Amino acid sequence: MTEDLLSLAKRLDQQDSLRKFREEFEFPEYSGEPKIYFCGNSLGLMPSATRGILEEELEAWSSGAVEAHFMGPRPWATYHKHFQEGLAKLLGAKKDEVVAMNSLTTNLHLALASFYKPSSKRYLILTEDPVFSSDIYALQSQLQWHGKSPSRALLSCKPRKGEFILQTEDILKKIERNKNRLALVYLGGVNYYNGQAYELEIIAKAARKAGAMVGVDLAHAIGNVPLELHEWNIDFAVWCSYKYLNAGPGAVGGMFVHSRHHKRKDIFRLQGWWGHREVDRFKMKPEFKPAPGADAWQLSNAPVFNMAGLLASLDIFQRAGFKNLVRKSRAMTKLLEEQIASCSNKSGYRIKLITPGSIDERGCQLSIWAGSYAEELHTRISKAGFVTDLRNPGVIRIAPVPLYNSYEEVVLLAEFLKKWCYYKK
Ligand SMILES: *Cc1c(COP(=O)(O)O)cnc(C)c1O
């Protein structure tokens, strides 16, 4: 190991004003040592504070039972409101544009019920390739539900031949070419496979000009990259909270609805009692009176145990400051990128970085293409005590997360890769 690089990393860690946050997370272990965890893109680590908050909710149930809906420090009946401010900040949204509820795929269906209203002329959906399985299944079934054929009505933007990421220019061309028939553009904020952050503002502008709605899947973007959903005029967005938001497995997801849709009388929603305005919700009248803002899309009362983890996590984001996190994230990922590019073991595994090199076009995740060797290399990485993940086809994803990863960990992984790999441009 090059001693210099390791001492550089240690110095960066010492100077890092965010390093204390690492101590607020619990790490899985490997031979009695914390594992080096680079998988926050898939499941964020557990904040220790989650235990305390869960315990408080159990206590509220135990000592208050049904009355805890309206009593105590965090009455359950309005539990979703605790997340508005923290989420709005991360999303660049107004407080009433966001709501924590359900799971990502459920929210996607709810959003499509409102924002995908195909007519005989305008019915196409444009999405990305590769697209996450759950998202494409949701889109396909929505099309079928509306009597449209997925093979005809679902368009996708593919990377150019021999390339891994999408060119914004190609997305814009596709929008322009289909402008008379396009109903919806639906993309990830950050692509799950190659880590590309799309130029959402430009794409949303073009889509709107073409008369289409714009929806975004923020599974890999929220808590990872800066977002300005309101400014960018995104119509709707959905996300989960167990990746960079560290809210725990299957934790409550969320939905953003742009304020320009809030007062629309013509909007269709799949309804439930929690979307009814609060003042007379319990009068149980058959006429639905929507709550103001994104709250109106709620269906059911809050799954409190499923939301408690998000409270712990948003509190950490708040204290750390998202701008600081982005700064550290960019520095760590750049260091990892440079080190990977210097892998020069000629008899090692051939690897290639497929995530964009520009900091504006990615978050913390780097995707390494290892092709048919990906599984073997991933097994080696895991046996050495690092947690990364394998995504078919051929990719290993590595996400240095600024809240709990250190520069030293980045360097240790880089040194391991340098021993085993050869970087191919
Ligand atoms: C993680 C992820 C999901 C997960 O969907 P759930 O409904 O939470 O199971 C969906 N889409 C993308 C792009 C993801 O990365």
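Bear in mind that the values here come from a model prediction, so they are computed numbers and not experimental data.

## Topic: unusual backbone geometry
Stage number 1. With an omega of 5°, the peptide bond between Asp-129 and Pro-130 qualifies as cis.
Stage number 2. Tracing the backbone shows Pro-130 in the loop between strand E7 (124–128) and helix H5 (133–145).
Stage number 3. In the segment running from Asn-392 into Pro-393, the intervening peptide bond is cis, with an omega of -5°.
Stage number 4. A positive phi angle, close to 50°, is found at Asn-102, a residue other than glycine.
Stage number 5. Along the chain, the position of Asn-102 falls in the loop between strand E6 (98–100) and helix H4 (104–115).
Stage number 6. In the Ramachandran plot, Asn-246 falls in the positive-phi region, its phi being about 55° despite a non-glycine side chain.
Stage number 7. With respect to the helices, strands and loops of the structure, Asn-246 is situated in the loop between strand E11 (236–239) and strand E12 (254–257).
Stage number 8. The exposure class of Asn-246 is buried, given its relative accessible area of 3%.

## Quick look at the environment of Gly-394
Stage number 1. Along the polypeptide, Gly-394 turns up in the loop between strand E16 (389–391) and strand E17 (395–398).
Stage number 2. On the accessibility criterion, Gly-394 (9% relative accessible area) is buried.
Stage number 3. Residues Gly-394 and Arg-19, spaced 375 residues apart in sequence, show a C-alpha to C-alpha distance of 33 Å.
Stage number 4. Contact partners of Gly-394, with chain neighbours within four places excluded, come to Ile-368, Trp-369, Ala-370, Gly-371 and Ala-374.

## Points about the sheet that holds strand E18 (residues 421–423)
Sheet strands pair via backbone hydrogen bonds, and the direction of the pair is either parallel or antiparallel.
Stage number 1. Sheet architecture is open: 5 strands sit in the order E16-E17-E14-E13-E18, paired in mixed fashion. Taken across any chain shown, the strands that pair with only one partner, and hence form the sheet edges, are E16 and E18. Sheet twist, expressed as the average angle between the axes of neighbouring strands with direction ignored, equals 35°.
Stage number 2. Here E16 pairs with E17 via 3 bridges, running antiparallel. Paired with Asp-389 across the two strands is Arg-397, which belongs to E17.
Stage number 3. On the sheet, helix H10 (residues 322–341) packs against strand E13 (349–353), strand E14 (366–369), E17 and E18 and is oriented at approximately 15° with respect to E14.
Stage number 4. Along the sheet, helix H12 (residues 407–420) contacts E13, E14, E17 and E18; its crossing angle with E18, the most-contacted strand, is approximately 90°.

## Considering the packing of H4 against H5
Stage number 1. Interaxial distance between H4 and H5 falls to 10 Å at its minimum, and their mutual angle equals 30°. Here H4 lies roughly parallel to H5, going by the angle between them. For the pair H4 and H5, the crossing hand works out as right-handed. Together, Leu-104, Thr-105, Leu-108, His-109, Leu-112 and Ala-113 of H4 and Ser-134, Asp-135, Ala-138, Leu-139, Ser-141 and Gln-142 of H5 make up the contact between the two elements.

## A word on helix H7 (residues 168–177)
Stage number 1. Taken together, the buried positions of H7 are occupied by Thr-168, Asp-170, Ile-171 and Ile-175. In a view along the axis of H7, the buried residues occupy a sector of 165°, so they form one face of it.
Stage number 2. Contacts from the buried residues of H7 go to E7, strand E8 (154–157), strand E9 (182–188) and helix H8 (200–209).

## Quick look at the domain arrangement of the chain
Stage number 1. Per the domain assignment, the segments making up the chain are domain 1 (3–47 + 322–420) and domain 2 (54–317).
Stage number 2. Distance between the C-alpha centres of domain 1 and domain 2: 29 Å.
Stage number 3. Facing 35 residues of domain 1, the contacting portion of domain 2 comprises 25 residues.
Stage number 4. The largest per-residue losses of area from domain 1 upon contact with domain 2 belong to Phe-322, Ile-354 and Glu-361, which jointly make up 23% of the total buried on that side.
Stage number 5. Where domain 1 meets domain 2, there are 0 salt bridges.
Stage number 6. At the junction of domain 1 with domain 2, the criterion picks out 9 residue pairs in polar contact (both at pLDDT 80 or more).

Conventions and cut-offs
- Residues numbered from 1 in each chain as written.
- Predicted model: local features only at pLDDT ≥ 70, side-chain atom pairs only at ≥ 80, totals over all residues.
- Heavy atoms only, no water.
- Helix = DSSP H or I, 4+ residues; strand = E, 2+ residues; numbered from the N terminus.
- Buried < 20%, exposed > 50% of the residue type's maximum accessible area, 1.4 Å probe, protein only.
- Contact = heavy atoms within 4.5 Å.
- Pairing = 2+ DSSP bridges.
- Axes fitted to C-alpha atoms, helices over the stretch in contact; angles between N-to-C directions.
- Parallel < 35°, antiparallel > 145°, perpendicular 65-115°, else oblique.
- Left-handed = near helix turned anticlockwise from the far one by under 90°.
- Arc of directions from axis to C-beta.
- Domains from an automatic or database assignment.
- Buried area = accessible area lost by both parts, 1.4 Å probe.
- Salt bridge = Lys/Arg side-chain N within 4 Å of Asp/Glu carboxyl O.
- Polar contact = N/O pair within 3.5 Å; in protein donor to acceptor, adjacent residues only side chain to side chain.

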